Amino acid sequence: LRAANGLASGTGEIDLRAGALGLSISVTPVGGAETLPDLGLRVSGGIDAPRRVVETAAAARFLAARGRPRRQ
C-alpha cells in the first residue's frame with residue numbers, strides 16, 4: 001500500500017485447519033527528504049491467542065543516531 005505519509009506491506013499465512021497464523025506487516029513512514037526507519041508488527045501462533053511482537057529496533061537505532069553529536 002502507498003499513501004502520502006508512507007508505505008505499508010504485509011505477508012503471511014492463515015491456516016484455518018490448524019488454527020494458526022503467521023503474519024508480518026511493515027510500515028515505512030515518509031518524512032520529507034529524510035529516510036525514516038521501518039516499523040513492523042509480527043503476529044504468530046494460535047488464532048485464539050496470537051503472539052504479537054512490535055519491531056522497533058530500526059527506529060531505536062535511528063533515534064539514537066540522531067541524538068549523537070555530529071563530528072566535524
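Keep in mind that this is a model prediction, so the values were computed, not measured.

(A) Focus on the overall build of the protein chain. Check the secondary structure of the protein chain and you find one helix and six strands. Counting from the amino terminus, the protein chain carries its helices and strands in the arrangement β-β-β-β-β-β-α. In terms of C-alpha radius of gyration, the protein chain reaches 16 Å, well past the compact-globule figure of 11 Å for 72 residues. Residues counted as buried form 11% of the 72 residues belonging to the protein chain. Counting only contacts in the protein chain whose residues sit at least 6 apart along the sequence, the fraction spanning at least 24 positions is 23%. Summing over all exposed atoms, the protein chain offers an accessible surface of approximately 6,000 Å²; the carbon and sulfur share of this is 55%. Computed over 10 positive and 6 negative side-chain charges, the inter-centroid distance for the protein chain is 11 Å.

(B) Representation of the pairing of strand β3 (residues 20-31) in the model. Judged from the 10 bridges that link them, strand β2 (residues 6-15) and β3 form a sheet pairing that is antiparallel. When the bridges of β3 are listed, Ser 9 appears paired with Ser 26. Hairpin connection between β2 and β3: a loop of four residues separates the two successive antiparallel strands, and Gly 19 in this loop has a positive phi of roughly 70 degrees. In terms of strand pairing, β3 meets strand β5 (residues 39-46) through eight bridges, oriented antiparallel. Looking at the pairing, Ile 25 lines up with Leu 41 of β5. Note: β3 against strand β4 (residues 34-35), two bridges, orientation antiparallel. Paired with Gly 31 across the two strands is Glu 34, which belongs to β4. Between β3 and β4, which pair antiparallel in sequence order, lie two residues; one of them, Gly 32, sits at a positive phi of approximately 70 degrees.

(C) Local environment of the pairing of β2. Within β2, only one of the 10 residues are buried, which leaves it mostly out in the open. Pairing of strand β1 (residues 2-3) with β2 involves two bridges; the strand directions are antiparallel. Bridge pairing links Ala 3 to Gly 6 in β2. Hairpin remark: β1 followed by β2, antiparallel, with two residues in the connecting loop.

Rules used throughout
- Residues numbered from 1 in each chain as written.
- Predicted model: local features only at pLDDT ≥ 70, side-chain atom pairs only at ≥ 80, totals over all residues.
- Heavy atoms only, no water.
- Helix = DSSP H or I, 4+ residues; strand = E, 2+ residues; numbered from the N terminus.
- Rg over C-alpha atoms; globule rule 2.2 N^0.38 Å.
- Buried < 20%, exposed > 50% of the residue type's maximum accessible area, 1.4 Å probe, protein only.
- Contact = heavy atoms within 4.5 Å.
- Areas by Shrake-Rupley, 256 points an atom, 1.4 Å probe, with all protein chains shown as cover.
- Lys, Arg positive; Asp, Glu negative; His and termini not counted.
- Charge placed at Lys NZ, Arg CZ, Asp CG, Glu CD.
- Pairing = 2+ DSSP bridges.

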